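Secondary and tertiary structure notes
Chain by chain, the residues run as shown.
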Amino acid sequence: MDYKKLLTLFIVAAFGGAVALGLNKLIDSPNNDILGEKQPAYFTALNGSKLNELPDFTATALAVTPTVVHIKTTINVTSQPQAQQMPQNPFGDLFGDKSPFFQMPHGPQQANGSGVIISDNGYIVTNNHVIEGADKIEVVLHDKRSYTAEVIGKDANTDMALLKIEEKSLPFIAFGNSDETKVGEWVLAVGNPFNLTSTVTAGIVSAKGRNIRLIEGDAPIEAFIQTDAAVNPGNSGGALVNRRGELIGINTAIASQTGSYAGYAFAVPVELVKKAVNDFKEFGEIQRGFLGVQIRDIDAELANKEGLKDNKGIYVAEVTDGSAAEKAGIQKGDIITKINDVVVNSVAELQEQVSRHRPGEKLNVAALRKGKEQLFSVTLKGKNGQTTIPDATAKTEKATVKGSEFSSISREEKSSAKVANGVKVLKAGEALKKVNLPAGFIITHIDGKQMFTPADVKKSLIEMKEVAVIKGVNADGTKGYYAVPLE
């Protein structure tokens, strides 16, 4: 054995191993320069042990699932267009079998959705499209108990609705703050897709302030939270929560060509939900203030045309005569940049901020005019130009049918009778007298369908051919049930 050759081979092998080890450490190091550029600070900070810890949602799921309910609706359909004649909606509405593609042309139709309990005494928030047109609304709790729900209020423009069931000591969800929700934050979607109750899926917030032109209404508000948590038909009205289990949105729609999950879902932000709930409880309907402007997002084409320095803010294309904006001094061509010190860079963001306020409330609006910032104090107006919330007692609706007279009732009468809806009997005609149904009785249901206006009562009684089962509250506060023969 040549010891010199052996020593040479050992030295070469040791040097080669050292070089390999050094290269490996250089490649694996989070602080190395790549192509002469240092890694950003957040990359270095996140290269610790936390990246190796997978998120655990078990505690959140355990807390939230009992607060999410299954909503089943029954719709009595006498006739409707054939399914093949209905245009397909590219945005799935997450609402089970209510889609016309799954309905039979005649008879009672069943549909399924979700809802979220927001108080221990039975208030439940859901989407308007979940309960729209329903003749009966059934709420099934996580523990399988079932209740018939009353509609407290609903609104097509925000696609929100508030229900009430008669129960106490219910588990309920905590409200979060959707303004503080960040893109990239983990979220859970909880609902009842495909009739699979208490389903939990996880994802992240993909974007905020999305307008996908889905909500149908005369003045729709869309500023959706976009998420990639898997949601499907039946998830509508369910909860979108953060890792702390706080409600940050109500799942409403999916972007899909098939009607099922394809990557993105959209939720109404909880700040809009809070406003809707408060309005429904106090007034029975949304009380929404308007600026009175036509606005558009600023893109490169508009910026070049108007000589704008950048694409920030929202361009005021028109100002409505007599509007809140005109009175405050806002002009065509102004660029709105802030609402109450909140930066707005899209139509959706501006509409969301304004829609949180009622007629008569004041907003501070910042806008650029010829490059200089202008500040405006705007007193919002209602859709009819009023700066006050209309008194529900100021206008009384009436209807006469089959010799009986009916009228709408005030908020005070609803509160006194402990009802969410109802129509008063002013005069009992012959049919009502036969069963001793007295004047002053408040009708809440006819054949199981809620009565909100005298027109509802009139329509129901005209359509009935034989017997109408009327439910409501007597003047002394007791409940009454009457089977009224109509012929």
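Residues numbered from 1 in each chain as written. Predicted model: local features only at pLDDT ≥ 70, side-chain atom pairs only at ≥ 80, totals over all residues. Heavy atoms only, no water.

A few words now on the overall build of the chain. Per the secondary structure count, the chain includes eleven helices and 28 strands. A total of 487 residues make up the chain; the buried ones form 45% of that total. Considering only residue pairs separated by 6 or more positions, the chain has 60% of its internal contacts joining residues 24 or more positions apart. Carbon and sulfur atoms provide 53% of the accessible area of the chain, an area that totals close to 25900 Å². (Helix = DSSP H or I, 4+ residues; strand = E, 2+ residues; numbered from the N terminus. Buried < 20%, exposed > 50% of the residue type's maximum accessible area, 1.4 Å probe, protein only. Contact = heavy atoms within 4.5 Å. Areas by Shrake-Rupley, 256 points an atom, 1.4 Å probe, with all protein chains shown as cover.)

The subject of this paragraph is unusual backbone geometry. One non-glycine residue with positive phi stands out, namely Ser198, at about 55°. Tracing the backbone through its elements, the reader meets Ser198 in the loop between strand S10 (186-191) and strand S11 (199-210). With a phi close to 55°, Lys370 is a non-glycine residue in the positive phi region. Here Lys370 lies in the loop between strand S20 (362-369) and strand S21 (372-379).

Bringing the packing of aromatic side chains into the picture now. One pass over the structure, following the stated rule, counts three aromatic pairs. For the ring pair Phe224 and Phe266, a centre distance of 6.1 Å and an interplane angle of 55° mean the geometry is tilted. Residue Phe224 is located in strand S12 (residues 224-227), and its partner Phe266 is located in strand S15 (residues 264-269); the two are separated by 42 residues in the primary sequence. We note that Phe224, like Phe266, is buried. A centroid spacing of 5.3 Å and a plane angle of 90° characterise the contact between Phe441 and Tyr482, whose relative ring orientation is edge-to-face. On the criterion of sequence distance, the pair formed by Phe441 in the loop between helix H10 (430-434) and strand S25 (442-446) and Tyr482 in strand S28 (residues 479-485) is long-range, its members being 41 residues apart. When sorted by exposure, Phe441 lands in the same class as Tyr482, which is buried. Stacked on the ring of Tyr123, the Lys or Arg Lys164 has its end atom at 5.4 Å from the ring centre. (Phe/Tyr/Trp six-rings, centres within 6.5 Å; stacked < 30°, edge-to-face > 60°. Lys NZ or Arg CZ within 6 Å of the ring centre and 35° of its normal.)

To continue, consider the side chain of Asn251. When you line up the elements, Asn251 lands in strand S14 (residues 246-255). We classify Asn251 as buried; its relative accessible area is 0%. At 3.1 Å, the side chain of Asn251 forms a polar contact with the backbone oxygen of Ala239. (Polar contact = N/O pair within 3.5 Å; in protein donor to acceptor, adjacent residues only side chain to side chain.)

For an α-helix, 3.6 residues make a turn, and residues three or four places apart therefore share a direction. The terminal C-alpha atoms of helix H5 (residues 270-283), which comprises 14 residues, lie 19 Å apart, in line with the 20 Å expected from a rise of 1.5 Å per residue. In terms of residue burial, H5 counts as a mostly covered element, since ten of its 14 residues are buried. Turning to H5, its buried residues are Val270, Glu271, Leu272, Val273, Lys275, Ala276, Val277, Asp279, Phe280 and Phe283. Remark: Gly284 follows H5 within two positions and exhibits a positive phi of approximately 85°. (Expected span 1.5 Å × (residues − 1).)

What follows covers the nonpolar core. Residues Val125, Met160, Ile173 and Val273 are the most contacted members of the largest nonpolar core, which totals 32 residues. Those elements giving two or more residues to this core turn out to be strand S4 (123-127), strand S8 (160-164), S10, strand S13 (239-242), S14, S15 and H5. It is H5 that provides the largest number of residues to this core, a total of six residues. Those residues in contact with Ile173 that lie beyond four places of it in its chain are Val64, Thr67, Val116, Ile117, Ile118, Ala239, Val241, Gly245 and Leu247. Residues Ala324, Ile336, Leu363 and Ala367 belong to the second largest nonpolar core, which totals 21 residues. (Core = buried A, V, L, I, M, F, W, Y, C linked by side-chain atoms within 4.5 Å.)

A separate point is the environment of Gly329. In this structure, Gly329 sits in the loop between helix H7 (324-328) and strand S18 (335-339). Those residues in contact with Gly329 that lie beyond four places of it in its chain are Asp334, Arg369 and Phe376.

One way to see where empty space is left: roll a probe the size of a water molecule over the atoms. One pass over the full model with this rule turns up three cavities of 30 Å³ or more. When its volume is computed, the largest cavity comes out at roughly 50 Å³. Along its surface, the largest cavity is lined by Thr158, Leu272, Lys275, Ala276, Ile286, Arg288 and Ser355. A per-element tally of the lining of the largest cavity places H5 first, with three residues. (1 Å grid on protein atoms, 1.4 Å probe; cavity = no way out; pocket = protein on both sides within 12 Å on 5 of 7 lines; lining within 4 Å. Points joined across faces, edges and corners; volume = space filled by probe spheres on them.)

Before going further, it helps to examine the pattern of salt bridges. Pairs can form between side chains of opposite charge whenever their charged atoms are close. Evaluation of the coordinates by the stated rule reveals 17 salt bridges. Here Glu166 and Lys164 are joined by a salt bridge, their closest N and O atoms 3.8 Å apart. Residue Lys164 is classed as buried on the basis of its relative accessible area, which comes to 12%. A salt bridge links Glu318 to Lys332; the shortest N-O distance between them is 3.5 Å. Of the two residues, Glu318 sits in strand S17 (residues 314-319) while Lys332 sits in the loop between H7 and S18, which places them 14 residues apart along the sequence. Connected through salt bridges with shared partners, the residues Lys275, Asp279, Glu282 and Arg358 form a single ionic network. (Salt bridge = Lys/Arg side-chain N within 4 Å of Asp/Glu carboxyl O.)

Mapped onto the secondary structure, His357 falls in the loop between helix H8 (347-355) and S20. When its relative accessible area of 18% is taken as the criterion, His357 is described as buried. A polar contact is formed between the side chain of His357 and the side chain of Glu361, at a distance of 3.0 Å. Beyond its immediate sequence surroundings of up to four residues, His357 is in contact with Lys275, Gln287, Arg288, Gly289, Asn340, Leu363 and Leu380.

Once that is clear, we can look at the environment of Thr65. For Thr65, the position within the fold is in the loop between helix H3 (58-64) and strand S1 (68-77). For Thr65, a relative accessible area of 10% translates into the label buried. Those residues in contact with Thr65, other than ones at most four positions away along the chain, are His142, Val190 and Val200.

Of the residues in the chain, 81% have a pLDDT of 70 or more, and the chain-wide mean is 83. The spread of mean pLDDT over the elements of the chain runs between strand S2 (residues 91-92), the lowest at 46, and S4, the highest at 97. Predicted confidence for residues 78-93 stays below pLDDT 50, and this span has 33 contacts to residues more than four positions away or in other chains. The model gives residues 97-105 a pLDDT under 50, and that stretch makes 28 contacts with residues more than four places away or in other chains. (pLDDT = per-residue confidence, 0-100.)

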